[in-house]
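Inside the fold
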Amino acid sequence: MEFGFTEEQRAFRDTARRFAADRLQPRYQAREAEGGFEDGLLEEMGALGLLGADLPMEYGGSGIDGVTSGMLIEQIGWGDLSVSYAPLLTSLLGDIVASHGSEAMKNACVPRLTSGQDLIALGLTEPRGGSDAANLVTKAERTNAGYVLNGEKTSISCAAQAKWIIAVARTGTPEDGARGVTAFLVPMDAPGVSTSTFDDVGSVAVGRGSVFFDDVRVGDEHRLGAEGAGFREVMAGFDYSRALIGLQVIGCAKASLEETWEWVQQRTAFGHPIAKWIIAVARTGTPEDGARGVTAFLVPMDAPGVSTSTFDDVGSVAVGRGSVFFDDVRVGDEHRLGAEGAGFREVMAGFDYSRALIGLQVIGCAKASLEETWEWVQQRTAFGHPIA
């Protein structure tokens, strides 16, 4: 069984990483200020195969597996979280159209998604019931020519920029619950469709908002799958999309960590670089006070009286683990962190969180070790045969 990435996977990842570094990161703050994606950006992504790469080749995808798709979206999320909504929605919703749409809708919509010409939105959430499909209020009434849609969808990602929306509406009775719900592919410029945008705190470039359907008429060819199957069709892709969302935000978190570290190496406080400090926990009370007699201090490592020695470690040598000695080190009251005697509580309060981070830290290291090991065993031979 192979656990390492293939050459094709690495090539996709490297392409996404280069694009994210060259085109996305330099302007991610500008996109937030502008409230949208610049012209031509999504077309560039489409030309590189970064949109809907897991969709069938006949609709412009590359037919790659879910792992590779996750690798791509992690890199795009590293470059700009808002832009990473484009591959996320293209993969999730493009697959629903490709799997359940009429030939007319497949050919009209999906190639435009994978090429970056169009964005698509999911119209599921409603003001009254969130994403509870069993209690949807938006209606789709049957007519001789198709359906008429009426209702409101809210908190819709890309509402301001999408050219298509998969609208999930009730075709049955309220008593039918989720079995009375049907999905429709609706062009956003159809008569009766209107939008409003939210004044978001973050991800402004995504253009989240509400979509309104006022007597919107669509033909039978716009229905995705059978009547009453909309809930199953949409939910079937949610487990996969949640994994993609996880990788999307991991990429963003990596970028934030890198920016933070670059900043703290340059930032100074009290005349010292803030990356060159130690939080020293020291006893200010008596031994009998136990943990209640401990106080935390923020001490610059270049303060007079501070010295260090390093260990001859087997691993993590670059970290420079060692001992720190304090010999008559003088600090002012402003260096005390909190009240006297509160140091133990202050430090321990962050330990649960830091242990979770440490767990993810070593998981990442373990992944890298596994990849290196697998690459090595694929090349190593014994008795004239590959040991793998």
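So, here's what we can say about the structure. (Residues numbered from 1 in each chain as written. Predicted model: local features only at pLDDT ≥ 70, side-chain atom pairs only at ≥ 80, totals over all residues. Heavy atoms only, no water.)

Here's the deal with the overall build of the protein
Scanning the protein for helices and strands turns up 10 helices and 17 strands. Relative to a compact globule of 388 residues, whose C-alpha radius of gyration would be 21 Å, the protein shows 27 Å and is clearly more extended. With respect to the principal axes defined by its C-alpha atoms, the protein has extents near 90 × 65 × 40 Å. Within the protein, the proportion of its 388 residues that are buried is 38%. Of the roughly 21,200 Å² that the protein leaves accessible, carbon and sulfur atoms contribute 54%. Averaging the positions of the 33 positive and the 53 negative side-chain charges in the protein gives two centres separated by 3 Å. (Helix = DSSP H or I, 4+ residues; strand = E, 2+ residues; numbered from the N terminus. Rg over C-alpha atoms; globule rule 2.2 N^0.38 Å. Buried < 20%, exposed > 50% of the residue type's maximum accessible area, 1.4 Å probe, protein only. Areas by Shrake-Rupley, 256 points an atom, 1.4 Å probe, with all protein chains shown as cover. Lys, Arg positive; Asp, Glu negative; His and termini not counted. Charge placed at Lys NZ, Arg CZ, Asp CG, Glu CD.)

Comments concerning unusual backbone geometry
With phi around 55°, S155 is a residue other than glycine that occupies positive phi space. By the secondary structure assignment, S155 is in strand β3 (residues 146–156). We classify S155 as partly exposed; its relative accessible area is 31%. Even without a glycine there, the phi angle at S203 is positive, about 55°.

Focus: the packing of aromatic side chains
Summed over all chains, the structure comprises 1 aromatic pair. Geometry around W78 places R17 over its ring, the cationic atom sitting 3.5 Å from the centre. (Phe/Tyr/Trp six-rings, centres within 6.5 Å; stacked < 30°, edge-to-face > 60°. Lys NZ or Arg CZ within 6 Å of the ring centre and 35° of its normal.)

Some points on the pairing of strand β2 (residues 139–143)
Across 5 bridges, the pairing between β2 and β3 is antiparallel. Following the sheet pairing, R142 is matched in β3 by Y147. (Pairing = 2+ DSSP bridges.)

Comments concerning the pairing of β3
Once β2 ends, the chain turns through 2 residues before running back antiparallel as β3. As judged from the 7 bridges shared by β3 and strand β7 (residues 209–218), these two strands associate in the antiparallel manner. Paired with Y147 across the two strands is V218, which belongs to β7.

A few points about the pattern of salt bridges
Inspection of every chain in the model, using the stated rule, returns 15 salt bridges. Note that D118 is salt-bridged to R112, the shortest N-O span being 2.8 Å. A salt bridge links R208 to D200; the shortest N-O distance between them is 2.5 Å. Under the relative-accessibility criterion, D200 is labelled buried at 17%. Residues participating in the shared-partner salt-bridge network are R27, R31, E34, E38 and D80. (Salt bridge = Lys/Arg side-chain N within 4 Å of Asp/Glu carboxyl O.)

A look at a nonpolar patch on the surface
Where nonpolar side chains cluster on the molecular surface, the patch consists of Y353, L357, I358, L360, V362 and I363 and spans about 620 Å² of accessible area. One can find L360 in helix α10 (residues 351–379). (Patch = residues over 30% accessible without salt bridge, like charges linked within 9 Å, V, L, I, M, F, W, Y side chains within 5 Å.)

Some thoughts on the side chain of S84
Turning to its location among the elements, S84 is positioned in the loop between α4 (66–79) and α5 (85–100). Its relative accessible area of 0% is what places S84 among the buried residues. For S84, the side chain forms a polar contact with the main-chain oxygen of L81, separated by 2.5 Å. Aside from chain neighbours lying at most four places away, what touches S84 is I73, I76, G77 and Q248. (Polar contact = N/O pair within 3.5 Å; in protein donor to acceptor, adjacent residues only side chain to side chain. Contact = heavy atoms within 4.5 Å.)

Quick word on the packing of α5 against helix α8 (residues 238–266)
Contact geometry for α5 and α8: axes closest at 10 Å, N-to-C directions at 165°. Classified by the angle between their axes, α5 and α8 sit roughly antiparallel to one another. Helix-helix and strand crossings are classified by hand; for α5 and α8 the assignment is right-handed. Across the interface between the two elements, Y85, L88, S91 and L92 of α5 pack against F238, S241, L244, I245 and Q248 of α8. (Axes fitted to C-alpha atoms, helices over the stretch in contact; angles between N-to-C directions. Parallel < 35°, antiparallel > 145°, perpendicular 65-115°, else oblique. Left-handed = near helix turned anticlockwise from the far one by under 90°.)

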